[in-house]
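# Structural description and commentary
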Amino acid sequence: MIVLRLGLLIAVIVLIAGSIHAAQTQGLGDGLAQIWNQRWGAATLIDLYVGLSIAAVWMWQIERRRWSLAIWYVALAGLGNMALAAYVLVRALRSSSVRACFTERF
């Protein structure tokens with residue numbers, strides 16, 4: 001369980017650092033416009049949001065608190081995998097096993 005928690009913490013830190021670095025060199029709107037204008041960039045964004053939609057369905061299955069789920073959905077839409085990694089990290093910190101982290105409702 002410690003490996004999962006540590007890995008998720010590192011993932012969140014790396015994603016935050018990458019976002020800070022990108023924000024210091026280019027605005028979000030300009031960056032997204034450039035990405036969207038490239039065919040592979042558009043395909044990558046579509047892939048990202050399809051994957052996040054699948055994660056959202058999983059979250060809907062295991063999350064009991066609907067108000068919390070709504071907040072996480074907004075975070076997923078705006079922050080992407082940074083929010084997903086944070087969500088799983090929070091669950092890992094509250095779980096006794098890897099299986100519980102990904103399957104138990106709490």
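The structure under discussion appears in the preceding block.
The following paragraphs examine the structure supplied in this document. (Residues numbered from 1 in each chain as written. Predicted model: local features only at pLDDT ≥ 70, side-chain atom pairs only at ≥ 80, totals over all residues. Heavy atoms only, no water.)

## Thoughts on the overall build of the chain
In terms of regular secondary structure, the chain is built from six helices and zero strands. Ordered by position from the N terminus, the helices and strands of the chain form the series α-α-α-α-α-α. The dimensions of the chain, computed from C-alpha atoms along their principal axes, are 45 × 25 × 25 Å. For the chain, buried positions account for 30% of its 106 residues. (Helix = DSSP H or I, 4+ residues; strand = E, 2+ residues; numbered from the N terminus. Buried < 20%, exposed > 50% of the residue type's maximum accessible area, 1.4 Å probe, protein only.)

## Some words on the side chain of Glu63
Structurally, Glu63 is set in the loop between α3 (39-62) and α4 (66-79). On the accessibility criterion, Glu63 (2% relative accessible area) is buried. Among the polar contacts made by the side chain of Glu63, one reaches the side chain of Arg65 at a distance of 3.1 Å. When near neighbours in sequence (up to four residues on either side) are disregarded, Glu63 contacts Ser68, Leu69, Tyr87, Arg91, Arg105 and Phe106. (Polar contact = N/O pair within 3.5 Å; in protein donor to acceptor, adjacent residues only side chain to side chain. Contact = heavy atoms within 4.5 Å.)

## Some thoughts on the packing of α3 against α4
The description of two helices packed together rests on the angle between their axes and the distance between the axes. For the pair α3 and α4, the least separation of the axes is 11 Å and the interaxial angle reads 170 degrees. When the interaxial angle is binned, α3 and α4 end up roughly antiparallel. Contacts between α3 and α4 involve Tyr49, Leu52, Ala56, Met59 and Trp60 on the former and, on the latter, Arg66, Leu69, Trp72, Tyr73, Leu76 and Ala77. Across the contact of α3 with α4, the residue classes tally to 10 nonpolar, no polar and one charged. (Axes fitted to C-alpha atoms, helices over the stretch in contact; angles between N-to-C directions. Parallel < 35°, antiparallel > 145°, perpendicular 65-115°, else oblique. Nonpolar A, V, L, I, M, F, W, Y, C, P; charged D, E, K, R; others polar.)

## Some remarks on the pattern of salt bridges
Counted according to the given criterion, the structure contains one salt bridge. For Glu63, the salt bridge goes to Arg65, with nearest N and O atoms at 3.1 Å. (Salt bridge = Lys/Arg side-chain N within 4 Å of Asp/Glu carboxyl O.)

## Digging into the nonpolar core
Residues Leu8, Met59, Leu76, Leu84, Tyr87 and Val88 are the most contacted members of the largest nonpolar core, which totals 18 residues. Of all the secondary structure elements, the ones that give two or more residues to this core are α1 (2-25), α3, α4 and α5 (81-94). No other element matches the six residues that α5 contributes to this core. Excluding its chain neighbours within four sequence positions, the residues that come into contact with Met59 are Leu69, Trp72, Leu76, Leu84 and Tyr87. (Core = buried A, V, L, I, M, F, W, Y, C linked by side-chain atoms within 4.5 Å.)

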